[in-house]
Amino acid sequence: MKELFEKIINEGTVLKEDVLKVDSFLTHQIDPELMSLIGKKFADKYRDKNITKIVTIESSGIAPAVFIGLELGVPVIFARKQKSLTMTTELLTASVYSFTKQTTNQISISTKFLTSNDNVLVVDDFLANGQAALGLVELCGQAGASVEAINIVIEKAFQNGRSLLEEKGYIVDSLARITSLEDNKVHFLEE
Ligand code: 5GP
């Protein structure tokens with residue numbers, strides 16, 4: 001996706017050989033125009049798939065997820081990383097190791113929002129080793145919901161997330177695939 005590639009090249013910062021910072025448009029400040037394009041791009045591929053819910057994880061998955069949900073006209077659920085006092089109903093929960101924070105979180109979604117009638121698009125900002133996406137598909141599985149595909153904005157294709165998810169039978173669909181962050185530069189897999 002040309003607009004996303006340009007944004008990553010112009011505004012992304014390579015922090016380490018395996019970490020990209022994109023806080024000016026995706027993970028802190030959000031570029032609504034770019035998010036709207038991302039929403040349309042993904043939604044166009046899944047319009048005829050009877051998607052009923054978008055499932056993401058707080059916080060940086062929420063922006064792209066909302067724009068996909070808006071395009072498809074379906075609700076967006078974000079898994080919470082911390083239980084809130086207001087989460088009084090029964091919960092679906094899974095453990096997720098965070099690549100950036102290097103801690104394990106219990107993530108949860110209320111059972112009232114996800115059921116066996118749902119066909120889900122799982123969405124996240126980044127794919128690294130696949131732990132966040134795996135946690136989200138586990139929550140979908142606990143609800144008996146089916147997962148149509150996993151939509152990722154930025155995939156670091158040199159890490160093993162895609163192979164882990166594909167081995168389990170999931171479709172992984174990403175808009176920018178990065179093959180390396182060596183020499184402080186972003187290298188893309190051209191599609
Ligand atoms: P995974 O669970 O696939 O190992 O990592 C994905 C999660 O870690 C995403 O939800 C994202 O928040 C975070 N993440 C992974 N790699 C990066 C990165 O290079 N930059 C940023 N900003 N976040 C990342």
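Residues numbered from 1 in each chain as written. Predicted model: local features only at pLDDT ≥ 70, side-chain atom pairs only at ≥ 80, totals over all residues. Heavy atoms only, no water.

Things to note about the packing of aromatic side chains
This model, assessed by the stated rule, comprises 1 aromatic pair. Each ring, one from Phe-5 and one from Phe-188, has its centre 4.5 Å from the other, and the planes form 20 degrees; the classification is stacked. In this pair, Phe-5 is assigned in helix α1 (residues 2–11) and Phe-188 in strand β10 (residues 187–188), connecting sequence segments 183 residues apart. Phe-5 sits in the buried class, given a relative accessible area of 15%. Judged by its relative accessible area of 14%, Phe-188 is buried. (Phe/Tyr/Trp six-rings, centres within 6.5 Å; stacked < 30°, edge-to-face > 60°. Helix = DSSP H or I, 4+ residues; strand = E, 2+ residues; numbered from the N terminus. Buried < 20%, exposed > 50% of the residue type's maximum accessible area, 1.4 Å probe, protein only.)

Looking at the pairing of strand β7 (residues 119–127)
Counting buried positions over the 9 residues of β7 gives 9, a clear majority of the element. Here strand β3 (residues 53–57) pairs with β7 via 3 bridges, running parallel. Bridge assignment links Lys-53 to a residue of β7, and that residue is Val-120. In terms of handedness, the path from β7 via helix α4 (residues 131–143) over to strand β8 (residues 146–156) forms a crossover that is right-handed. (Pairing = 2+ DSSP bridges. Right-handed = clockwise from strand over helix to strand, strands pointing away.)

Some words on the packing of helix α2 (residues 32–46) against helix α3 (residues 62–72)
Between α2 and α3, the shortest axis-to-axis distance is 8 Å and the interhelical angle comes to 55 degrees. Judged on the interaxial angle alone, α3 and α2 are oblique. At the point where α2 passes α3, the crossing takes the right-handed sense. Packed against α2, whose contacting residues are Pro-32, Met-35, Ser-36, Ile-38, Gly-39, Lys-40, Phe-42, Ala-43 and Tyr-46, the element α3 presents Ala-63, Pro-64, Phe-67, Ile-68, Glu-71 and Leu-72 at the interface. (Axes fitted to C-alpha atoms, helices over the stretch in contact; angles between N-to-C directions. Parallel < 35°, antiparallel > 145°, perpendicular 65-115°, else oblique. Left-handed = near helix turned anticlockwise from the far one by under 90°. Contact = heavy atoms within 4.5 Å.)

Considering the layout of surface pockets
A volume near 700 Å³ is recorded for the largest pocket. Elements represented by at least two residues in the lining of the largest pocket include exactly β2 (19–21), β5 (91–97), β6 (104–110), β7 and α4. Broken down by element, the lining of the largest pocket gets its largest block of residues, 4 residues, from β7. A breakdown of the residues in the lining of the largest pocket according to their chemical character gives 13 nonpolar, 10 polar and 8 charged. (1 Å grid on protein atoms, 1.4 Å probe; cavity = no way out; pocket = protein on both sides within 12 Å on 5 of 7 lines; lining within 4 Å. Points joined across faces, edges and corners; volume = space filled by probe spheres on them. Nonpolar A, V, L, I, M, F, W, Y, C, P; charged D, E, K, R; others polar.)

Focus: the environment of Pro-75
Here Pro-75 lies in the loop between α3 and β4 (76–79). Owing to a relative accessible area of 44%, Pro-75 belongs among the partly exposed residues under this scheme. Sequence separation between Pro-75 and Ala-65 is 10 residues, and the spatial gap between their C-alpha atoms is 9.5 Å.

With respect to the nonpolar core
For soluble globular proteins, nonpolar side chains are generally found buried alongside one another. By size, the foremost hydrophobic cluster in this structure holds 34 residues, and its most contacted members are Leu-4, Ile-8, Leu-20, Ile-54 and Ile-154. For this core, the secondary-structure elements that each account for two or more residues are α1, α2, α3, β7, β8 and β9 (172–180). Among the elements that take part in this core, α2 stands out by supplying 6 residues, more than any other. Once residues within four sequence positions are removed from consideration, Ile-8 is found in contact with Leu-20, Phe-25, Ile-154, Ala-176, Val-186 and Phe-188. Judged by nonpolar contacts, the second largest core, of 26 residues, contains Val-55, Ala-79, Leu-114 and Val-172. (Core = buried A, V, L, I, M, F, W, Y, C linked by side-chain atoms within 4.5 Å.)

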